[in-house]
Amino acid sequence: MTPAAQALRGAVIAYQWTLRPLIGAQCRFHPSCSHYALEALQRHGALRGGWLATRRILRCNPWHPGGEDPVPPAAAPRAATPPAFQPVPKG
Amino acid sequence: MDQKRLLAAIALSIGILLIFDFLGRPAREAQRAQQAAQQQTMQQQAAQGQQAVPTPGPTGPLGAPSDAAPAAGAPRSPAARLPVEGPRVQGSLNLRGARLDDLVLKDYRETVDRNSPLVRLLAPREGAAPYYNQWGWTAADGRTPVPGNDTDWTAEGSRLAPGAPVTLRWDNGQGQVFEIALSLDENYMVTAEQRVRNAGAEPVQLLPWARIRREYTPPTQGFYILHEGFVGVLDGRLREETYSSAKSEAAKRNGVAFEQEGPGGWAGITDKYWLTALAPVDQSARFRATFRALPEAGQDRWQADFAPPAALTVAPGETGGGQAVRLFAGAKEVNLLDAYATRLGIPDFDKAVDFGWFYFLTKPFFHVLHFLGSILGNFGVAILVFTLILKALFFPLANKSYKSMAKMKVLGPKMTEIRERYKDDPAKAQAEMMALYRTEKVNPASGCLPILIQIPVFFALYKVLFVTIEMRHAPFFGWIHDLSAPDPTNLFNLFGLIPYDPAQLSHYLHMPAWALIMGATMYLQQRLNPQPPDPIQAKLFQWMPLIFTFMLAGMPAGLVIYWSWNNLLSIAQQWTIQRNTTASRPGTAAVPAAAVPAGAAKPKKG
């Protein structure tokens, strides 16, 4: 990981340990936005990971249905769209 | 088992807090002792009729205004003083050295007590807290005698008051007459015009200057959201230097902590509520503003000064070699600073109040709070009302999810089933639940974006409350007589039943009622929040109310009240949301409640 990605991850971890317990987690997704950010930064680096995390946070609003939303895999070339979410076994 | 662990953890936390306090104490005591020692040396020097060593000399040929030591040993008559009488200030001008070194603010008192002394802003050099403004010249040609610290000026005029200007005059006996024309306005602004009449045969080269000098280091809040120390807007940029940063910078650069040459601007020294600042009258002319930290006789001296970028030449028979600089010395009332900014063209003068990064939020918030305070008659109530308005504005964001509540009822059986199936794996259960929400297009959480948007907003409010002078000595209900001071009650002496103040031992033994209320509301609020999935984070989450109770114990009461009220409003909001959620689940047996339409929560919408 680049120092930039490390620093951003540090900021997210700091958030998880200070502000998050203070204001309460209200995420509509799984994994939660902060965990998503940590994973995205680790997998995709500061720039793309940060971008993915920003988009995720923007999505995390009452007008989005939310739900399962994993970080897209790193190896996938740009063309390949990541699978949206796993179909859920019902019943 | 869990109980034991909890108790152990509480004991440990308190222990850590006490240890920190204990470790901090020797440093504080050493500082106090050092200050006392310094004062003693100063007194001794004064007794010997000998002032401290002069400041390190000018940095360059046109450099710093330097402190000429008065003639040693010579018995001196007491300096003549000229009264300063404004509607909002009173004091006197020291005619020896042309110093404004005695000024109290008539509208502000030291404490809440109506009989307490008025706030003293400027004080003479001989006292314990020297803080003054001075006008003078440096001889750039190295031969023209210029007025110094021990120059006795003659005054034309009997007092300085609005509409009653005064001109100070001093003849150097070599053909040059120095003049300082002073005027005072209705508030806190003194305007000084310096000039030299050259009746000699040769041209003279002089550098006029005006300086604010503080010869002691005031106790600061030392809190990162409040700036105290040097402040100014120079060349369009806000410049701030704390005392410690100025000291380390100045150590590297011969006493100069910061220097900026450019058109106009303003610069000075700020306290939490008070400001002394210099601002050239002609804001388009170029000036050099400097912040200095000068150690002198083991004591730090702080100085902010304005001077032209280069020395001025006054030809024989002409008048010149001067500058016109205003001096603001008073309370940082935002509306007054704004008025000066518009009327006198002092750029961004309101930034003397530390509105911070969120200026675009904090400034409007201040105006709303000020307005509410003036119509409601109580600043505390204004805080409560304003917080309510903010919460109401954000309520639709939280409320949006209610619309799906009716659907949640249908999902109830599936949800209980998931919970049953993954009883031992909460993470997995959560993932399944999320998937269910997504497929069924419902979700009880409001999301991260609304929360992230709210953080700067509520931080901005917190910041305004911390820095604004409106809160100073503003009463609230009950035992709160000053919203800007910590709540005086203390749990550890049973709220006054025991006639002993344990806070003397350690300030962690001060646990006021409002901090307890804050802790309780925070605890309740957290009970309503979903727990973080990580077990260690979940533990921290449980500790948060206790940590914050201690952290906020010594904070201004207004802030603690704001926190408590904010928590209460959050609880009310969360409770309405949660009631709808639980009511819609079968098995909670709250069938009649479930019959309440989801829209019932709507009327509360802001």
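How each quantity is defined
- Residues numbered from 1 in each chain as written.
- Chains lettered and ligands numbered in written order.
- Predicted model: local features only at pLDDT ≥ 70, side-chain atom pairs only at ≥ 80, totals over all residues.
- Heavy atoms only, no water.
- UniProt positions renumbered as here; feature names shortened; annotations may be inferred.
- Helix = DSSP H or I, 4+ residues; strand = E, 2+ residues; numbered from the N terminus.
- Buried < 20%, exposed > 50% of the residue type's maximum accessible area, 1.4 Å probe, protein only.
- Contact = heavy atoms within 4.5 Å.
- Areas by Shrake-Rupley, 256 points an atom, 1.4 Å probe, with all protein chains shown as cover.
- Domains from an automatic or database assignment.
- Buried area = accessible area lost by both parts, 1.4 Å probe.
- Salt bridge = Lys/Arg side-chain N within 4 Å of Asp/Glu carboxyl O.
- Nonpolar A, V, L, I, M, F, W, Y, C, P; charged D, E, K, R; others polar.
- Core = buried A, V, L, I, M, F, W, Y, C linked by side-chain atoms within 4.5 Å.
- Polar contact = N/O pair within 3.5 Å; in protein donor to acceptor, adjacent residues only side chain to side chain.
- Axes fitted to C-alpha atoms, helices over the stretch in contact; angles between N-to-C directions.
- Parallel < 35°, antiparallel > 145°, perpendicular 65-115°, else oblique.
- Pairing = 2+ DSSP bridges.
- Patch = residues over 30% accessible without salt bridge, like charges linked within 9 Å, V, L, I, M, F, W, Y side chains within 5 Å.
- Expected span 1.5 Å × (residues − 1).
- pLDDT = per-residue confidence, 0-100.

An unreviewed UniProt entry lists chain B under the name Membrane protein insertase YidC, with Roseicella frigidaeris given as the organism. As stated in UniProt under Sequence similarities (unreviewed entry), the record for chain B gives "Belongs to the OXA1/ALB3/YidC family. Type 1 subfamily." Chain B has a UniProt comment under Function (unreviewed entry) that states "Required for the insertion and/or proper folding and/or complex formation of integral membrane proteins into the membrane. Involved in integration of membrane proteins that insert both dependently and independently of the Sec translocase complex, as well as at least some lipoproteins. Aids folding of multispanning membrane proteins."

Within an unreviewed UniProt entry, the label attached to chain A reads Putative membrane protein insertion efficiency factor, and the organism entered is Roseicella frigidaeris. UniProt's Subcellular location (unreviewed entry) comment on chain A is quoted here verbatim: "Cell membrane". You can read under Function (unreviewed entry) in the UniProt record for chain A the words "Could be involved in insertion of integral membrane proteins into the membrane."

Enquirer: An account of the overall build of chain A is requested, with residue identities and associated values reported.
Expert: Across its full length, chain A carries 3 helices and 2 strands. Starting at the N terminus, the α and β elements of chain A follow one another as α-α-β-α-β. Taken across its 91 residues, chain A has 45% of its residues classed as buried. In chain A, the proportion of contacts linking residues at least 24 apart, taken out of those at least 6 apart, comes to 66%. Accessible surface computed for chain A: about 4800 Å², of which carbon and sulfur atoms make up 66%.

Enquirer: Break down the domain arrangement of chain B for me, citing the residues and quoting the values.
Expert: Residues and elements named next belong to chain B. Assigned domains within chain B: domain 1 (31-64 + 79-218 + 227-354) and domain 2 (367-593). At the interface, 16 residues of domain 1 touch 12 residues of domain 2. When the two sides are added together, the surface that domain 1 and domain 2 hide from each other amounts to roughly 1100 Å², 56% of it contributed by carbon and sulfur. Joining domain 1 to domain 2, the criterion identifies 1 salt bridge. The salt bridge partner of Lys463 is Asp354, with a shortest N-O separation of 3.5 Å. Breaking the side of domain 1 that touches domain 2 down by element, the ones donating at least two residues are β3 (99-109) and α3 (334-344). Looking at side-chain class alone, the side of domain 1 that touches domain 2 contains 7 nonpolar, 2 polar and 7 charged residues.

Enquirer: Hey, could you go over the nonpolar core for me, with residue numbers and the actual values?
Expert: Residues and elements named next belong to chain B. Trp135, Trp266 and Phe349 are the most contacted members of the largest nonpolar core, which totals 120 residues. The leading source of residues in this core is helix α8 (residues 448-467), at 9 residues. Here this core spans two domains, and each of domain 1 (31-64 + 79-218 + 227-354) and domain 2 (367-593) adds at least three residues to it. Counting 9 residues, the second largest nonpolar core, distinct from the first, contains Ile418, Tyr422, Ala429 and Val442.

Enquirer: Outline the interface of chain B and chain A, supporting the account with residue identities and numerical values.
Expert: The interface is formed by 39 residues belonging to chain B together with 33 residues belonging to chain A. Overall, the association of chain B and chain A removes approximately 3300 Å² of surface from exposure, summing both partners, and the carbon and sulfur fraction of that is 66%. Connecting chain B to chain A are 0 salt bridges. Between chain B and chain A we count 2 residue pairs in polar contact (both at pLDDT 80 or more) in total. Elements that contribute at least two residues to the side of chain B that touches chain A include exactly α6 (405-421), α7 (426-440), α8, α9 (513-528), α10 (535-553) and α11 (557-583) of chain B.

Enquirer: Quick one: what's the story with the side chain of Thr468 of chain B, residue by residue and with numbers?
Expert: Residues and elements named next belong to chain B. Along the chain, the position of Thr468 falls in the loop between α8 and α9. Within the structure, Thr468 has its side chain in polar contact with the backbone nitrogen of Glu470 (distance 3.2 Å). Beyond its immediate stretch of four places on either side in the chain, Thr468 contacts Tyr273, Phe366 and Phe379.

Enquirer: Tell me what's going on with the pattern of salt bridges, and back it up with residues and numbers.
Expert: All names here are of chain B. A full pass over the atoms with the stated rule returns 29 salt bridges over all chains. Two residues, Glu215 and Arg213, come together in a salt bridge whose shortest N-O distance is 2.7 Å. Classification of Glu215 as buried rests on a relative accessible area of 1%. Between Glu261 and Arg286 there is a salt bridge, and its shortest N-O distance comes to 3.7 Å. A residue pair is termed long-range when its members are at least 10 positions apart, and Glu261 in strand β13 (residues 256-263) and Arg286 in strand β16 (residues 286-296) qualify at 25 residues. Residue Glu261 is classed as partly exposed on the basis of its relative accessible area of 32%. Connected through salt bridges with shared partners, the residues Glu156, Arg169, Glu179, Glu193, Arg195 and Arg197 form a single ionic network.

Enquirer: For the packing of α3 of chain B against helix α4 (residues 359-376) of chain B, give the residues involved together with the corresponding values.
Expert: All names here are of chain B. Two elements in contact, α3 and α4, have axes separated by 11 Å at closest approach and are oriented at 120°. In terms of axis orientation, α3 runs oblique to α4. Here α3 contributes Val334, Asn335 and Asp338 to the contact with α4, which in turn contributes Lys363, Phe366, His367 and His370. Of the residues that constitute the contact of α3 with α4, the class distribution is 2 nonpolar, 3 polar and 2 charged.

Enquirer: Can you explain unusual backbone geometry? Please cite residues and give values.
Expert: One non-glycine residue, Asn254 of chain B, adopts positive backbone phi at about 55°. In this fold, Asn254 of chain B is placed in the loop between α2 (243-252) and β13.

Enquirer: Talk me through the pairing of β3 of chain B; I want residue IDs and the actual numbers.
Expert: Residues and elements named next belong to chain B. For β3, a buried count of 8 out of 11 residues is recorded, marking the element as mostly surrounded by other parts of the structure. As defined by bridge partners, strand β2 (residues 89-94) adjoins β3 across 6 bridges and the pair is classed as antiparallel. Bridge assignment links Asn94 to a residue of β3, and that residue is Arg99. Linking β2 back to β3 in an antiparallel pair, the connection comprises 4 residues, with Gly97 at a positive phi of about 95°.

Enquirer: I'd love a proper account of a nonpolar patch on the surface, names of residues and values included.
Expert: Together, Ile13 and Trp17 of chain A together with Ile536 of chain B line one region of the surface with nonpolar side chains, adding up to about 270 Å² of accessible area. Within the secondary structure, Ile13 of chain A is located in helix α1 (residues 3-17). Take Ile13 of chain A: its relative accessible area is 34%, and that puts it in the partly exposed class.

Enquirer: Give me α9 of chain B: which residues, what numbers.
Expert: Its 16 residues give α9 of chain B an end-to-end C-alpha distance of 23 Å, which sits within 8% of 22 Å, the value for a rise of 1.5 Å per residue. Looking only at α9 of chain B, the buried set comprises Ala513, Trp514, Ala515, Met518, Gly519, Thr521, Met522, Gln525, Gln526 and Leu528 of chain B.

Enquirer: Quick one: what's the story with the environment of Ala37 of chain A, residue by residue and with numbers?
Expert: Residue and element names in this part refer to chain A. Within the element layout of this structure, Ala37 appears in helix α3 (residues 33-59). Sequence spacing of Ala37 and Arg56 is 19 residues, and the spatial spacing of their C-alpha atoms is 8.3 Å. Not counting residues up to four positions away in its chain, the partners in contact with Ala37 are Val12 and Ala53.

Enquirer: Quick one: what's the story with the confidence of the model for chain A, residue by residue and with numbers?
Expert: Here chain A averages 80 in pLDDT, and 79% of its residues register 70 or above. Predicted confidence in chain A is weakest over helix α2 (residues 19-23) of chain A, with a mean pLDDT of 73, and strongest over α3 of chain A, with 91.

Enquirer: Lay out α8 of chain B in plain terms, naming residues and giving numbers.
Expert: Relative to the 28 Å expected for 20 residues at 1.5 Å per residue, α8 of chain B spans 29 Å between its end C-alpha atoms, a close match to the ideal helical length. With respect to burial, α8 of chain B is a largely interior element, 15 of its 20 residues being buried.

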